[in-house]
Structures are given as C-alpha cells and as structure tokens.
Amino acid sequence: MIAYFQQTFHIFTDMNKKNVYVIGLMSGTSLDGLDLVYVQFDIESNYQFKILYAETLSYSDYWKEKLQFAINYDDEYLKELDIEYGAFLGKKTKEFIVKNKIKNLDFIASHGHTVFHQPENGITLQIGNGQMIANETNVTVVCDFRTQDVQLGGQGAPLVPIGDQLLFSEYDACVNLGGFTNISYELNGYRIAFDICPVNIVLNHFSRKLGYEFDDKGILASKGKIDNDLLDYLNELDYYKLDSPKSLGLEWVKESMFPVLNKIESEVDILRTYTEHSAMQIASNIQNLDKVLITGGGVFNDYLLSRIKHYTETEVVVPNNQIINYKEALIFALLGLLKMQKKVNCLSSVTGAEKNHSSGVIFNPNNS
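Conventions used here
Residues numbered from 1 in each chain as written. Predicted model: local features only at pLDDT ≥ 70, side-chain atom pairs only at ≥ 80, totals over all residues. Heavy atoms only, no water. Helix = DSSP H or I, 4+ residues; strand = E, 2+ residues; numbered from the N terminus. Rg over C-alpha atoms; globule rule 2.2 N^0.38 Å. Buried < 20%, exposed > 50% of the residue type's maximum accessible area, 1.4 Å probe, protein only. Contact = heavy atoms within 4.5 Å. Areas by Shrake-Rupley, 256 points an atom, 1.4 Å probe, with all protein chains shown as cover. Lys, Arg positive; Asp, Glu negative; His and termini not counted. Charge placed at Lys NZ, Arg CZ, Asp CG, Glu CD. Axes fitted to C-alpha atoms, helices over the stretch in contact; angles between N-to-C directions. Parallel < 35°, antiparallel > 145°, perpendicular 65-115°, else oblique. Left-handed = near helix turned anticlockwise from the far one by under 90°. Nonpolar A, V, L, I, M, F, W, Y, C, P; charged D, E, K, R; others polar. Salt bridge = Lys/Arg side-chain N within 4 Å of Asp/Glu carboxyl O. Polar contact = N/O pair within 3.5 Å; in protein donor to acceptor, adjacent residues only side chain to side chain. Pairing = 2+ DSSP bridges. Expected span 1.5 Å × (residues − 1). Bend = angle between axes of the 7 residues up to and from the residue. Core = buried A, V, L, I, M, F, W, Y, C linked by side-chain atoms within 4.5 Å. 1 Å grid on protein atoms, 1.4 Å probe; cavity = no way out; pocket = protein on both sides within 12 Å on 5 of 7 lines; lining within 4 Å. Points joined across faces, edges and corners; volume = space filled by probe spheres on them.

Asker: Explain the overall build of the chain here, please?
Answerer: Of the regular secondary structure elements, the chain holds 15 helices and 13 strands. In terms of overall size, the chain behaves like a compact globule, its C-alpha atoms giving a radius of gyration of 20 Å where 368 residues would be expected to give roughly 21 Å. Considered along the principal axes of its C-alpha atoms, the chain spans approximately 60 × 45 × 35 Å. Evaluated residue by residue, the chain yields a buried proportion of 57% over its 368 residues. Looking at the chain alone, contacts between residues at least 24 apart form 71% of all its contacts between residues at least 6 apart. Taken as a whole, the chain presents about 16100 Å² of accessible surface, with 47% of it coming from carbon and sulfur. Taking the average location of the 32 positive side-chain charges in the chain and that of its 46 negative ones, the two points are 6 Å from each other.

Pasting the structure below:
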C-alpha cells in the first residue's frame, strides 16, 4: 500500500485524468465527531460526485476535553496540540483507508478543528497539522483553508458555499444545521453566504448538563417552556442586524450568549427557548425562496425542523442521510480538489476578501 501511495502524489498533475479520488475530513465545533468521506469526482462532468465510503468517529473523552478547552490554552501548548491532533487525524485516516481497502487515492483534504476564529482581529486557527497527517498516511494533504482568506481581509468563513454552487445548484439556497447554522444562495449573479446563528454548539452544551450528549430529536426542548425575555434578548443581538459577509465563532457564543443563558435555572427551558430562537432566525433567512436544501446534524432534531417549518412556507428539502451527515466533509474534499487544480475555492462575495482566490496549503509526506 505504501508503495502505491508514493506513486499517486504526482498523478494528479495530469489534467486529462477523468476521475479523482479524495478523502475529506471534517471536525465540527459541536464536537459531534470526526467525519471521513471517500469520494470520487468526475472532473469532466462538472464535478459530479459519488460518496464511496463514509464514517463518523466519535471523540473519546480525552479528545472532547482537549478540543473543548483548546481556546483557553497558550500558544506553546496549542503548537503541541496541533501536532498531536494532526497525528491523531493521520492515524484515523490510515485506519479508514485500510478498513475500506482503498487503493485509489489522490490526496486528503482536511478542515481541521477550529480553535480560534476572530477574523475582525485577523485571527483564525484550525489545528490538525497537515504535515503530520501526510506523514502518518503517506499521502499528500491539503489543509488550512481559512488563513489566507483572513489575510486577504475576509471572514475566512463560510467556505462551503463554493461547493453549494458547484454541487447543489438546483436549490435556491443551502442551509447547514451544524454547530453554527450557515446559508448560501445566489444573488444578482454572486454567491452570498454567512453564518445565521449558533445551533448545536448551544443545544449540545445544555443537553450535556442534563446528562445527554445531544437533544435526541429535540424531545427535551419540546418539554420546556419559552422564556420570552430570553427569546427577545437573543433575537435582538447585534450580530443579526449586520449585513453579510459575517461569521461566528465559539468566542462570540461565550461572550454574547452563555452569560445570559446561564442565568436561566431550567436547562429544559433554555433548550426550548433556544430552539425557538434558532428556528426564527433560520426561517427569516429563507423566506421568499421556493426550495431550500437543509443538511447537517441538526436535521435529526425533529422538533427544531418542525419549528423552522412553522415559521416559513418555503419548501424545506432534507436529502438522504449520506448527504446530511457528510456534506461538509464532501465539500472540503472539493475545496482540496480546486486547490490542487489551482482554481478558485474561496469567493470574495461570500467572505468579503479583497479577491477570489485558491486557498489551502499542500503538504507532501516527509518520512525521511
């Protein structure tokens, strides 16, 4: 296997190649786990894709704690964590390759795990060292997709919209219900996208206080009562009044939401109120559209989905589970492909950067 991979590093420079095989890695801020997707792209047919294998690996308590509190670590420790987490990603990817007997693989595209995202301060950090992944797997890696955009004055997020544009153009908009919910759509010939609001990163936090990893189907929230004062406070947050491009990070949630949410005694009432808040914000951003694709882990929250539908007449389309679960990992695989082709994978109309550009850093194995 190693000998084969050593031969694949340079195959992709042949632009006459019809099919490209990529593994995409995605770790969301809600700590649901590590998504791995092995996908075939047909580069002669507008990037038509087939997801061949996909898996989500739950994080151990060790990694949940490390990643959850990484925002509090100093620079030196973060450098060590970047290396350790990169080795972890490489090991898990290698196991995925062996388990599925993958023989055709051109490269790996990794989002990493976001620790800091403060584009207004010129800062964004996704750990998961690309060189370590490349060394562990002996496969070329593309990663660090956000830094260049921030350096160009952009938000560094969302990055998924280029994938929405190329892979899911039949929908008026694409919404992802993840740790943060984001939306992308076409407006006057440009792709527009932004984070709507935090979702699972808040709901999971308060579900854990009740002894659950997440609010399964929204059952906990459905039993709570709406705190109208809290709902009004949330809906009036300044972020919602900003025009795009705009994006959110864990820091904002900790500063603007948790201090107020933590004053409410009943976690069930928090879940109910926050679910209503999320539904209202999402619905307000899809009004007047005909058909919207909704994906991400939040789609399995039946109560949240029902509240979104309550506030809008827009047709909400939920795809098959493979797309629901792995759309982001799939699109980061595409971002890696566009980078390898030296094509635009980051849109200034989305992020606010000074220009469209091809973002990401390429690492080749260094096992000498």
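Picking up where we left off.
Asker: Which parts of the structure should I look at to understand the environment of L210?
Answerer: On the secondary structure map, L210 appears in the loop between α7 (200-209) and α8 (219-222). We classify L210 as partly exposed; its relative accessible area is 30%. Residues within four places of L210 in sequence aside, it is in contact with L220, E267, V268 and L271.

Asker: Which parts of the structure should I look at to understand the packing of helix α12 (residues 267-284) against helix α13 (residues 302-310)?
Answerer: Orientation of α12 relative to α13, taken along the N-to-C sense of each, is 45°, at an axis distance of 8 Å. Compared by their axis directions, α12 and α13 come out oblique. Our pair here, α12 against α13, has a crossing hand that is right-handed. Here R272, T275, E276, S278, A279, I282 and A283 of α12 come into contact with α13, specifically with Y303, L304, R307 and I308. Here the contact of α12 with α13 is composed, by residue class, of 6 nonpolar, 2 polar and 3 charged.

Asker: Help me understand α7, please; the structure alone is not making it clear to me.
Answerer: A turn of α-helix holds 3.6 residues, and therefore any two residues three or four places apart point the same way. With 7 of its 10 residues buried, α7 lies for the most part within the structure. Buried within α7 we find N200, I201, V202, L203, N204, F206 and S207. In the stretch just after α7, G211 is the one whose phi turns positive, near 95°.

Asker: Which parts of the structure should I look at to understand the side chain of K339?
Answerer: When you line up the elements, K339 lands in helix α14 (residues 321-340). Here K339 is buried and forms no salt bridge, its nearest opposite-charge partner D144 lying at an N-O distance of 10.0 Å. A distance of 3.3 Å separates a polar side-chain atom of K339 from the backbone oxygen of S358. Reaching out from K339, the side chain makes a polar contact with the backbone oxygen of G360 at a distance of 3.3 Å.

Asker: Help me out: how do you make sense of the sheet that holds strand β11 (residues 291-295) in this one?
Answerer: Backbone hydrogen bonds hold the strands of a sheet together, and the pairing may be parallel or antiparallel. One open sheet holds the 5 strands; their spatial order is β10-β9-β8-β11-β12, and the pairing between them is mixed. Of all the strands in the sheet, just β10 (190-198) and β12 (315-317) have a single pairing partner and so form its edges. Adjacent strand axes in the sheet meet at a mean angle of 20°, parallel and antiparallel pairs treated alike. For strand β8 (residues 173-177) and β11, the ladder comprises 4 bridges, and the chain directions are parallel. Paired with C174 across the strands is L293, a residue of β11. On the sheet, α12 packs against β8, β9 (180-187) and β10 and is oriented at approximately 165° with respect to β10.

Asker: Explain α14 here, please?
Answerer: Between its first and last C-alpha atoms α14 spans 29 Å; for 20 residues at 1.5 Å apiece the expected length is 28 Å, and the two agree. Of all the bends in α14, the greatest measures close to 65° and is centred on K327. Within α14, 16 of the 20 residues are buried, which leaves it mostly tucked inside the rest of the structure. Where α14 begins, the side chain of N320 points an oxygen toward the backbone nitrogen of Q322, at a separation of 3.1 Å. Immediately beyond the C-terminal end of α14, within one or two residues, lies K342, with a positive phi of roughly 60°.

Asker: In this structure, what is going on with the nonpolar core? I would like to understand it.
Answerer: The tendency in soluble globular proteins is for nonpolar side chains to be buried as a group. Judged by nonpolar contacts, the single largest core of 43 residues is most densely connected at L177, V202, M257 and L261. Per-element accounting of this core gives the leading share, 5 residues, to α12.

Asker: Whenever I open this one, empty space enclosed by the protein confuses me. Can you help?
Answerer: Regions of empty space are outlined by a rolling probe, equal in size to a water molecule, passed over the atoms. Evaluated as defined, the whole model comprises 1 cavity of 30 Å³ or more. What lines the largest cavity is P158, L159, P161, I162, N345, C346, L347, V350 and T351. Elements supplying a minimum of two residues to the lining of the largest cavity: α6 (161-167) and α15 (348-351). Its residues assigned to classes, the lining of the largest cavity comprises 7 nonpolar, 2 polar and no charged.

Asker: Help me understand the pattern of salt bridges in this model?
Answerer: Between side chains of opposite charge, a pair can form as their charged atoms come close. For the structure shown, the criterion picks out 12 salt bridges. In this structure, D106 and K17 form a salt bridge, with 2.5 Å as the shortest nitrogen-oxygen distance. With D106 in the loop between α3 (75-99) and β4 (107-110) and K17 in the loop between α1 (2-8) and β1 (19-27), this residue pair connects regions lying 89 residues apart in the sequence. Take D106 and K17: they sit in the same class, and that class is buried. When the shortest N-O distance is used, the salt bridge between R307 and E276 registers 2.7 Å. Note that R307 is positioned in helix α13 and E276 in helix α12, a separation of 31 residues in sequence. Residue R307 is classed as buried on the basis of its relative accessible area, which comes to 16%. Taking relative accessible area as the criterion, E276 reaches 2% and is therefore assigned buried. Through salt bridges with shared partners, a single ionic network connects K64, R208 and E213.

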